[in-house]
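Observations on the three-dimensional arrangement
What follows is each chain in one-letter form.
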Amino acid sequence: MNEILIAVIPVVIIGIVCAAVLVVASKLMAVKEDERFPAVRDCLPGANCGACGYAGCDGYAKALCEDPSVPANLCIPGADSVAKQLSEVLGVEVEDVVEQVAVVHCSGDCEHTKDKVIYDGIESCAAAKLMYGGKGSCTYGCLGLGDCAKACPHDAIYIKDGVASVYTCDCIGCGVCAKTCPNHLISLVPDVKRAVVLCSNRDKGALTRKVCSAGCIGCKKCEKVCPSGAIKVENNVAVIDYDKCTDCGACAENCTTKCIRIEDLRGCHHFKES
Amino acid sequence: MTKFIVILLSAVFINNYVLSRFLGICPFLGVSKKLDSATGMSLAVIFVMLMATAATWPIQHFLLVPNDLGYLQTIVFILVIAALVQLVEIVLKRYVPSLHKSLGVYLPLITTNCAVLGVTILNITENYTFLESMVNSLGSGLGFFLAMVMFSGVRSKIEGADIPESFKGLPVTLVAASITSLSFLGFGGVVENMFPL
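Residues numbered from 1 in each chain as written. Chains lettered and ligands numbered in written order. Predicted model: local features only at pLDDT ≥ 70, side-chain atom pairs only at ≥ 80, totals over all residues. Heavy atoms only, no water.

A separate point is the overall build of chain B. When you go through chain B residue by residue, the secondary structure sums to 10 helices and 0 strands. When its helices and strands are written in sequence order, chain B yields α-α-α-α-α-α-α-α-α-α. For chain B, with 197 residues in total, the buried portion stands at 46%. Sequence separation of at least 24 residues holds for 78% of the intrachain contacts in chain B that already meet a minimum separation of 6. (Helix = DSSP H or I, 4+ residues; strand = E, 2+ residues; numbered from the N terminus. Buried < 20%, exposed > 50% of the residue type's maximum accessible area, 1.4 Å probe, protein only. Contact = heavy atoms within 4.5 Å.)

The grouping of A:L5, A:I9, A:I13, A:V17 and A:V21 at the surface amounts to a nonpolar patch, some 410 Å² of accessible area in total. Relative to the helices and strands, A:L5 resides in helix α1 (residues 2-28). (Patch = residues over 30% accessible without salt bridge, like charges linked within 9 Å, V, L, I, M, F, W, Y side chains within 5 Å. Areas by Shrake-Rupley, 256 points an atom, 1.4 Å probe, with all protein chains shown as cover. Salt bridge = Lys/Arg side-chain N within 4 Å of Asp/Glu carboxyl O.)

With that out of the way, let us pick up the interface of chain A and chain B. Taken together, the contact between chain A and chain B spans 16 residues of the former and 16 residues of the latter. Counting the surface lost from both chain A and chain B, the interface buries some 1,300 Å², and carbon and sulfur atoms represent 87% of this. Among the residues chain A hides against chain B, the three largest losses belong to A:I14, A:L22 and A:M29. Together they make up 40% of the total. One can count 0 salt bridges joining chain A with chain B. Linking chain A with chain B are 0 residue pairs in polar contact (both at pLDDT 80 or more), by the criterion used here. Taken together, the residues that form the side of chain A that touches chain B break down as 13 nonpolar, 2 polar and 1 charged. (Buried area = accessible area lost by both parts, 1.4 Å probe. Polar contact = N/O pair within 3.5 Å; in protein donor to acceptor, adjacent residues only side chain to side chain. Nonpolar A, V, L, I, M, F, W, Y, C, P; charged D, E, K, R; others polar.)

Turning our attention to the layout of surface pockets. All names here are of chain A. In this structure, the second largest pocket occupies an estimated 440 Å³ of space. A164, S165, L198, R261 and E263 are the residues nearest the centre of the second largest pocket, which is lined by 21 residues in total. Counting residues per element, the ones that place at least two in the lining of the second largest pocket are β1 (100-104), β2 (157-160) and β3 (163-166). Among the residues making up the lining of the second largest pocket, the classes are represented as 11 nonpolar, 4 polar and 6 charged. (1 Å grid on protein atoms, 1.4 Å probe; cavity = no way out; pocket = protein on both sides within 12 Å on 5 of 7 lines; lining within 4 Å. Points joined across faces, edges and corners; volume = space filled by probe spheres on them.)

Let's shift gears to the environment of B:L63. Its location among the elements puts B:L63 in helix α3 (residues 35-64). By relative accessible area, which is 33% here, B:L63 ends up partly exposed. Sequence-distant contacts of B:L63, defined by excluding residues within four places in its chain, comprise A:I14 and B:P58.

Take the side chain of A:Q100 next. Examined against the element boundaries, A:Q100 turns out to sit in strand β1. Apart from the residues lying within four places of it in its own chain, the contact partners of A:Q100 are A:I76, A:I172, A:G173, A:L188, A:V189, A:P190 and A:D191.

We now examine the pattern of salt bridges. Scanning the entire structure with this criterion turns up 4 salt bridges over all chains. The residue A:D147 makes a salt bridge to A:K150 at a minimum N-O spacing of 3.9 Å. Separated by 3 residues within a single helix, A:D147 and A:K150 lie in helix α6 (residues 147-151), roughly one turn from each other. Of the charged contacts, one joins B:E165 and B:K168 as a salt bridge, the two residues approaching to 3.5 Å between their closest N and O atoms. A relative accessible area of 64% places B:E165 in the exposed class. Residue classification places B:K168 among the partly exposed positions, given a relative accessible area of 44%.

Position of A:K62 relative to the elements: it lies in helix α3 (residues 56-66). C-alpha of A:K62 to C-alpha of A:R41: the two residues are 21 residues apart in sequence and 8.3 Å apart in space.

In structure tokens, the structure reads:
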């Protein structure tokens, strides 16, 4: 019996000493974490898309806790419901989220433009772009190999007739596709506006015309007809300023090549709320 | 001085803990997929080995040996190392958050790593003095680092190789590990001949 005690007691004592040291250390050196952080983090959808401009949902939640000037309406995939929850947790006023959807600024499908080479390399836009700017005759246009569709976390993009299209009712507006596209064709557009320019060709009109019959030739007709001055032709392609656009549709009616179109851009949040 | 160099070099190359003594195989196979996680793990191992030796050597020589409790060595060492790692984690989190973040999950993972326990016990069985023990621990940690970094390179090559279906995954990794450890047999006898005692 005695031998057992001689063995057990030192181990127990060492164990108690270690435990005491750890308890004291964890009390003395506890790192204060903002108690709101878990609650804030729970509000966010956890897609880690980066649309808010921070490194994932954790980064945004941390910024919200630390800095009261960070707006609570930056989560685009979460939309109004998340903004509302966040402002409840943080005790600030609710601000409406401007929901956005992705738009592919190219309409050069098989009907309107032609391939200049046969490409049978890696099935990836980024790889195809390295080979003379892709297989299509327009080097600005959609490469059609679906890097954006693969990147989309919500499967809202598909390739139709060689051009990427966004299935807007599934689009959460995270902007992952916009970062993926090697030709930078995709941008986020406020989802209440409907007029979109479906071309990104920055060549002069005659050159654009040669490679694609649906391209913007920079004729500036839209600039003239727009009653609110929201359209400007920059680098031979029309650009709509959505802060000024009143959604009248005059540009689309008068567009020579029909590359400005009225599209139904209501994203998934519209359908959720109604 | 020569003795320290001999201990250091033989711990790194000849008695490499992973490749010759086959201790710490679990992180060697588990964490060596990427170079940065392999480096993070190895740095944490070096750090913990040094700390553990500094704590266990006095316990062995001033507590266990005088009281005839040598047989409690293993369990006491495990206890002390585990408590020590937890303590280090708390301290790092408070004072060096950047290091805590980069060591991340690896620090608590090492708590029960057999390489760490192996170093502390072998220091005792080899009858090293305190300084020699520290040098041996540093060498062992560096050896672990070397093995991890080398093997992560080997594994990144394996990723791109055309491997028969039945060999994919763990089998080819084990084959590669054994060949890597064979290559370390070549160091046998080198250090002894470099520094004739």
